[in-house]
Amino acid sequence: MNKSENGIFPAVCPLDCPDTCGLLVHKQDGKIVKVEGNPDHPITQGAICNKVRHMAERVHHPERLKHPLRRVGPKGEGRFEVISWDEAISEIAGKYKQLAAEYGPESIMPYSFYGNMGVLSVEGMDRRFFHALGASRLERTICSAAGVAGWKYTMGFRGGTSPEDTVNADVILVWGGNIVSTNMHQVVLAEKARKRGAKVVVIDVHRNRTAQWADWFLPLYPGTDTALALGLMHILFRDGMTDDAFMERYTVGYRELREHAAAYPPELVSDITGIPAADIEKLARLYGEAAVSYIHIGNGLQHHDNGGMNVRTIACLPALTGQWLKQGGGAFRDNGGYASMNSRSLQRPELQPDARVRAINMNRIGEALEMTEQPLKSLFVYCSNPLVVAPDAERVRAGFAREDLFTVVHELFMTDTALYADIVLPATSSFENTDLYSSYWHHYIQLQEPVLEAPGECKSNREVFSLLGLAMGYDPEVFGQSELAMIREALDYPRNPYLNGVTLERLRAERHVKLDMTPKAAYLDHLPTASGRIELYSKSMELAGLPPLPTYTPLKEGYDGLRRPEQGTGYPLMFISPPNHNFLNSTFGNVEKHRKMEKRPLLQIHPEDAGARCIEDGDEVIVFNGRGDISLTAMVTDKMLPGTVISQGLWWEGDGRRQRVNILTPDRLSDMGQGATFFSATVEVKRQAGNRPLLSE
Ligand SMILES: Nc1nc2c(c(=O)[nH]1)N[C@H]1C(S)=C(S)[C@@H](COP(=O)(O)OP(=O)(O)OC[C@H]3O[C@@H](n4cnc5c(=O)[nH]c(N)nc54)[C@H](O)[C@@H]3O)O[C@H]1N2
Ligand SMILES: Nc1nc2c(c(=O)[nH]1)N[C@H]1C(S)=C(S)[C@@H](COP(=O)(O)OP(=O)(O)OC[C@H]3O[C@@H](n4cnc5c(=O)[nH]c(N)nc54)[C@H](O)[C@@H]3O)O[C@H]1N2
Ligand code: SF4
Ligand SMILES: [Mo]
């Protein structure tokens, strides 16, 4: 199409959200005037979230970066001069050649995540470039690494129940996921089930929007979910609600698990979790007696020291009741496996001069920037905002402030991270590019073709890494490859039978193409665990030094119902900082419209905890621990059990106060998958003297 044409054009939501909606973009005079859900998309069905309905505010924001910039003031101050792309590219390539010669190419590292979910944007030319350079490899563990590892120990394959089947469920457990805000089309599907009489139960540390919508909310202490799941197993085994024939055929270790779960009676589990024993009994019966039961395992409960085990344990439940044989039964943690593409073609790992290149975990970026042996000398940040989203954020900021660190940030906006860059490159929005999208929840692959002219001199990730590759003198065949050729290669992947029949031609004609789900009929017969079965007992875990059976381990920092704050480690309140409704991680944190909808960053605190600290609703409070302090506005509410405080949303620094929640979160790694432990944080809270806003720094 002609990018300046008026009209209505198909598009894809690029955000890191399971729903990956099909959109219709209404355009007039080169600008988006309206964004709506595509009514023809089988999952979107014409409905999208508030955030993206207001996407035009972000795409056409007056503060969009439009030209390459070079820093002229101190890091963090935000003084830059405009330079040309030629200057920017040759400066970066020159610096990289010099660093590679002087310190080795591992002194350079990418730092990226999924600010844009397009395969070409974040898993294509960028990866080729860093492979060819021989840069340190980034382990992208910030989101769901612990949960994916835990799930895989039990099920082997990164895929579970198909979303569209969940309308058949009679009981839906939403466990540690705030789906009203983070996966709205699962709510639509659950509503259909509910019309048939299904019950929706939310298990969470917070009476969030999802809990308010559900039929039953069970609040528990953070990080105690494994104990709850074991308590449910105890009752299922005790009362004969298990499907022994299923377990005999499809699992290993059910006898060992039965014996093991005997040690988790409801009274003990109640003491640990804070859930009354009678409610644990009631939940076990509801789950065990349901004809079809579905568990949505959210991301929240795996952002803990014991997060892998939480997911690994909950993932065992559907096997106990034989739910995997029911349409709509089972569980979901991540369906990314169904849509896996030819990543070798896209990313070309063989370009690496040495495949044994070091790997650095993105959750430890603060620590990594402090290394004195083989130090990191350059970071290239794209599709991520680490100063806001990474744990122990002041440590991260201190690293980025290093005068000798050469930092490039490719961004749409001058984020808190970009303020620390030496070179800032202006990025296109996803609507200005061609890209390929899959979902980690539903089964539709989508194609985005450009519907807007890029403003100013913005370039896509693919273009930037292509230019850099060519400037470094790398193979023009690899770095000059067209978008369409890359898409064809990505889809050419016979090893994934679900991708069968998904082609560029069909995508162009149909916009969204469903994966071929026929191989799923043999799902249980081809589980890629060591035994080929569902592993209730996991030898692989044993070999990795983990308990082979689901086992509850308390959080490292904090407490549960047995180990009270005075006996726990750290500070007296558990600090949970999950996403908010109107931002997408830190994206939209600078858009007036979205900020207004969220009002301001709050600390939700229980009346008992507030009373003990003379804190009243609306007071400015200081929230602190050994890592630092932030200022928030207190909201006194009983939405949590006493002892837990909540602050939703990844706000940018601003409003004259220090408010990045990650200043308080630990950079410890989870029990499995080396994932993030954002929610295993403890804090103390005090009323701000004179209730004046605290000046940052
Ligand atoms: N509106 C909006 N949507 C989003 C995002 C966003 O920022 N905003 N982010 C996107 C991304 S990247 C992701 S990964 C997903 C995440 O979306 P979800 O899967 O919903 O996960 P979270 O929102 O991280 O956490 C969900 C819930 O876990 C709870 N929780 C914390 N600790 C525990 C615990 O120990 N046990 C239990 N049972 N619950 C606990 C939190 O209180 C929270 O309500 O959402 C995506 N969608
Ligand atoms: N305390 C706490 N911290 C958390 C979480 C939490 O729940 N609590 N959630 C964690 C989770 S689950 C995740 S996934 C991470 C997310 O962390 P990030 O992946 O860093 O997510 P965003 O904050 O949305 O930042 C993405 C950035 O990419 C930019 N961007 C978008 N499109 C493009 C593009 O095409 N090119 C380039 N170059 N840039 C682009 C956007 O402008 C935005 O600034 O945060 C984690 N941090
Ligand atoms: S953020 Fe999620 S729900 Fe909103 S439009 Fe994008 S994919 Fe759909
Ligand atoms: Mo995430």
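The structure contained in this document is the topic of the report that follows. (Residues numbered from 1 in each chain as written. Chains lettered and ligands numbered in written order. Predicted model: local features only at pLDDT ≥ 70, side-chain atom pairs only at ≥ 80, totals over all residues. Heavy atoms only, no water.)

Scanning the chain from N- to C-terminus turns up 27 helices and 27 strands. Relative to the 2.2 N^0.38 estimate, which gives 26 Å for 697 residues, the radius of gyration of the chain is 25 Å and therefore close to what a compact globule would have. Each principal axis of the C-alpha distribution contributes one length, and for the chain these read about 70 × 65 × 50 Å. Sorting the 697 residues of the chain into buried and exposed places 62% on the buried side. Relative to all contacts within the chain whose residues are 6 or more apart in sequence, the contacts with residues 24 or more apart total 75%. When the accessible area of the chain is evaluated, it comes to approximately 24800 Å², of which 50% is carbon and sulfur surface. Distance from the positive charge centre (75 side chains) to the negative charge centre (86 side chains) of the chain: 1 Å. (Helix = DSSP H or I, 4+ residues; strand = E, 2+ residues; numbered from the N terminus. Rg over C-alpha atoms; globule rule 2.2 N^0.38 Å. Buried < 20%, exposed > 50% of the residue type's maximum accessible area, 1.4 Å probe, protein only. Contact = heavy atoms within 4.5 Å. Areas by Shrake-Rupley, 256 points an atom, 1.4 Å probe, with all protein chains shown as cover. Lys, Arg positive; Asp, Glu negative; His and termini not counted. Charge placed at Lys NZ, Arg CZ, Asp CG, Glu CD.)

This paragraph deals with the environment of Pro455. Here Pro455 lies in the loop between strand 19 (444–448) and helix 21 (461–471). Look past the residues within four positions of Pro455 in its chain and what remains in contact with it is Arg64, Lys66 and Glu432.

Moving on, we come to the site of ligand 1. The local shell around ligand 1 holds 32 residues, among which Asn178, Asp204, Asp225, Phe583 and Asn585 are the closest. The separation between a nitrogen atom of ligand 1 and a polar main-chain atom of Asn580 is 3.1 Å. The backbone of His581 places a nitrogen or oxygen atom 3.1 Å from a nitrogen atom of ligand 1. Calculation on ligand 1 without its partners gives an accessible area of 920 Å², and the protein chains cover 96% of this total. Of all the secondary structure elements, the ones that give two or more residues to the shell around ligand 1 are helix 7 (179–182) and strand 9 (199–204). (Near = heavy atom within 4 Å. Polar contact = N/O pair within 3.5 Å; in protein donor to acceptor, adjacent residues only side chain to side chain.)

All right, on to the nonpolar core then. Membership of the largest hydrophobic core comes to 165 residues, with the highest contact counts inside it found for Tyr96, Phe129, Trp175, Leu317, Phe380 and Val623. For this core, the leading source of residues is helix 10 (residues 225–238), giving nine residues. Setting aside residues no more than four positions away along its own chain, Val623 makes contact with Phe575, Leu603, Gly628, Asp629, Ile630, Leu632, Leu664, Val683, Glu684 and Val685. Among the nonpolar cores identified, the runner-up in size contains 23 residues, and Cys21, Leu23, Leu452 and Phe583 belong to it. (Core = buried A, V, L, I, M, F, W, Y, C linked by side-chain atoms within 4.5 Å.)

Our next topic: the packing of aromatic side chains. According to the stated counting rule, one finds 22 aromatic pairs in the structure shown. Centre to centre, the rings of Phe130 and Phe465 are 5.4 Å apart; their planes meet at 65 degrees, and the pair counts as edge-to-face. Of this pair, Phe130 sits in helix 5 (residues 125–133) while Phe465 sits in helix 21, placing them 335 residues apart in sequence. For the pair formed by Phe130 and Phe465, the shared burial category is buried. Chaining the aromatic ring pairs together yields one cluster made of Tyr96, Phe129, Phe130, Phe380, Tyr382, Phe406, Phe465, Tyr474 and Phe479. Sitting over the face of the ring of Trp85, Lys459 holds its NZ or CZ atom 5.3 Å from the ring centroid. (Phe/Tyr/Trp six-rings, centres within 6.5 Å; stacked < 30°, edge-to-face > 60°. Lys NZ or Arg CZ within 6 Å of the ring centre and 35° of its normal.)

Relative orientation of the contacting elements helix 3 (residues 85–103) and helix 21 amounts to 55 degrees, with a least axis distance of 9 Å. Comparing the axis directions of helix 3 and helix 21 gives the class oblique. Remark: the crossing between helix 3 and helix 21 carries right-handed chirality. From helix 3, Trp85, Ile89, Ile92, Ala93 and Lys97 reach across to helix 21, where they touch Val464, Leu467, Leu468 and Ala471. Looking at the contact of helix 3 with helix 21, its residues break down into eight nonpolar, no polar and one charged. (Axes fitted to C-alpha atoms, helices over the stretch in contact; angles between N-to-C directions. Parallel < 35°, antiparallel > 145°, perpendicular 65-115°, else oblique. Left-handed = near helix turned anticlockwise from the far one by under 90°. Nonpolar A, V, L, I, M, F, W, Y, C, P; charged D, E, K, R; others polar.)

Pairing is parallel across the open sheet formed by five strands, whose spatial order is 10-9-8-12-13. What marks the edges here is a single partner per strand, and that holds for strand 10 (216–219) and strand 13 (330–332). Along the sheet, successive strands turn relative to each other by an average axial angle of 15 degrees, direction set aside. Bridge count between strand 8 (residues 171–175) and strand 12 (residues 293–297): five bridges; the pairing is parallel. Bridging from a neighbouring strand, Trp175 pairs with Ile297 of strand 12. (Pairing = 2+ DSSP bridges.)

On to the site of ligand 3, then. Taken together, the residues surrounding ligand 3 are Cys13, Cys17, Asp19, Thr20, Cys21, Ile48, Cys49, Lys51, Val52 and Met184. For the shell around ligand 3, a count of residues per class yields seven nonpolar, one polar and two charged.

To continue, consider the pattern of salt bridges. Two side chains with opposite charge may pair up if their charged atoms get near one another. All told, the structure shown has 44 salt bridges when counted by the stated rule. One salt bridge connects Glu449 with Arg511, and the closest N-O pair in it is separated by 3.5 Å. Here the residue Glu449 occupies a position in the loop between strand 19 and helix 21, and Arg511 occupies one in the loop between helix 24 (504–510) and strand 20 (512–514), the gap between them amounting to 62 residues. Accessibility expressed as a relative area gives 19% for Arg511, which makes it buried. (Salt bridge = Lys/Arg side-chain N within 4 Å of Asp/Glu carboxyl O.)

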